[in-house]
Amino acid sequence: SGEINRPPRDFAKALLDHINQLKEDRIKEGANLLVNTARGLRYNCDTHRWEARFPPAHLILFEDLSRYRFFTDRTRAENSQLMRWAHRELTKITGQMAQLFGIGVMDTGAAFSSKYHGWSGAPGVRCATFPAEEVASGWFQRRWRAAKHDWQPVAGLPVPWDGGKRFHTLDAKGLLVTLDADHNAALSLARRFAMRNGEPIRLVCTGKDDCTFVPDSL
């Protein structure tokens with residue numbers, strides 16, 4: 001007919017309600033997964049049921065996600081608001097569900113949790129391993145030059161990498177210790193909470209003749 005097909009006046013409200021419902025459903029689904037895991041349950045994909053596998057936990061410990069930043073997609077301000085909302089809602093809903101099973105929910109700071117060994121507290125670095133074709137690729141070389149490393153990576157060997165899957169550090173005897181980076185970060189958070197430590201601090205020391213100053217203790 002050549003006439004403009006205009007949406008109904010309640011179209012925007014219906015779309016907003018639909019988006020809010022999706023967000024609420026996702027929060028509830030995530031909280032349910034966390035609580036079931038804390039109860040020692042594991043989902044069996046064959047039987048489609050939750051089965052008891054481990055002893056239940058006494059506490060669900062969240063890291064503070066409100067200061068996370070994103071470098072892609074939406075603006076930092078919008079991402080920050082969305083992350084704070086998601087963190088508040090996820091913590092609240094998880095606490096309500098966990099209370100039914102006698103499981104506590106607490107929060108602790110996340111700063112530098114992935115840069116220290118969860119058991120000993122020794123500093124370390126997240127690393128990733130890349131095959132030869134990726135090491136020779138343009139995107140890898142551009143990112144490596146941007147990091148301003150003064151050495152060249154070797155294919156098949158771990159290299160320092162933000163978001164790497166493995167955490168590397170040294171033990172008291174100077175031997176290499178490696179473990180899953182996400183698991184190590186969780187251990188660091190638990191250790192920080194159990195020892196009631198405050199926020200970690202960074203000491204910046206300068207000296208002459210390439211001297212390095214290391215404190216005996218804090």
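Keep in mind that this is a model prediction, so the values were computed, not measured. (Residues numbered from 1 in each chain as written. Predicted model: local features only at pLDDT ≥ 70, side-chain atom pairs only at ≥ 80, totals over all residues. Heavy atoms only, no water.)

### Points about a nonpolar patch on the surface
1) Next: A surface patch of nonpolar side chains, about 270 Å² in accessible area, is lined by F11, L15 and I19.
2) Next: Checked against the element boundaries, I19 lands in helix α1 (residues 11-38).
3) Next: On the basis of relative accessibility, which here comes to 41%, the residue I19 falls in the partly exposed class. (Patch = residues over 30% accessible without salt bridge, like charges linked within 9 Å, V, L, I, M, F, W, Y side chains within 5 Å. Areas by Shrake-Rupley, 256 points an atom, 1.4 Å probe, with all protein chains shown as cover. Salt bridge = Lys/Arg side-chain N within 4 Å of Asp/Glu carboxyl O. Helix = DSSP H or I, 4+ residues; strand = E, 2+ residues; numbered from the N terminus. Buried < 20%, exposed > 50% of the residue type's maximum accessible area, 1.4 Å probe, protein only.)

### Overview of the pattern of salt bridges
1) Next: Under the counting rule described, the total for this entry stands at 2 salt bridges.
2) Next: Across the pair K92 and E89 runs a salt bridge, and its minimum N-O distance is 3.5 Å. Residue K92 and its partner E89 are both found in helix α2 (residues 76-99); the two are separated by 3 residues, about one turn of the helix.
3) Next: Residue K92 is classed as partly exposed on the basis of its relative accessible area of 42%.
4) Next: According to the relative accessible area criterion, E89 is partly exposed, its value standing at 22%.
5) Next: The salt bridge partner of D182 is R126, with a shortest N-O separation of 3.3 Å. Remark: R126 occurs in strand β5 (residues 125-128) and D182 occurs in helix α5 (residues 181-194); sequence separation between them is 56 residues.

### Let's talk about the confidence of the model for the protein
Atom-level detail of predicted coordinates should not be read off regions where pLDDT is low.
1) Next: Of all residues in the protein, 79% attain a pLDDT of 70 or more, and the chain-wide mean is 81.
2) Next: Element-level mean pLDDT values for the protein span from 76 in α2 up to 93 in strand β7 (residues 166-170). (pLDDT = per-residue confidence, 0-100.)

### Thoughts on helix α4 (residues 138-146)
1) Next: Taken as a whole, α4 has its buried residues at F140, Q141 and W144. Taken down its axis, α4 places every buried residue within 95 degrees of arc, on the same side. Of the exposed residues in α4, the ones pointing more than 90 degrees away from its buried face are R142 and A146.
2) Next: Against the buried residues of α4 lie α3 (132-135) and β6 (159-160).
3) Next: Following α4 by one or two positions, K148 has its phi on the positive side, about 60 degrees. (Arc of directions from axis to C-beta. Contact = heavy atoms within 4.5 Å.)

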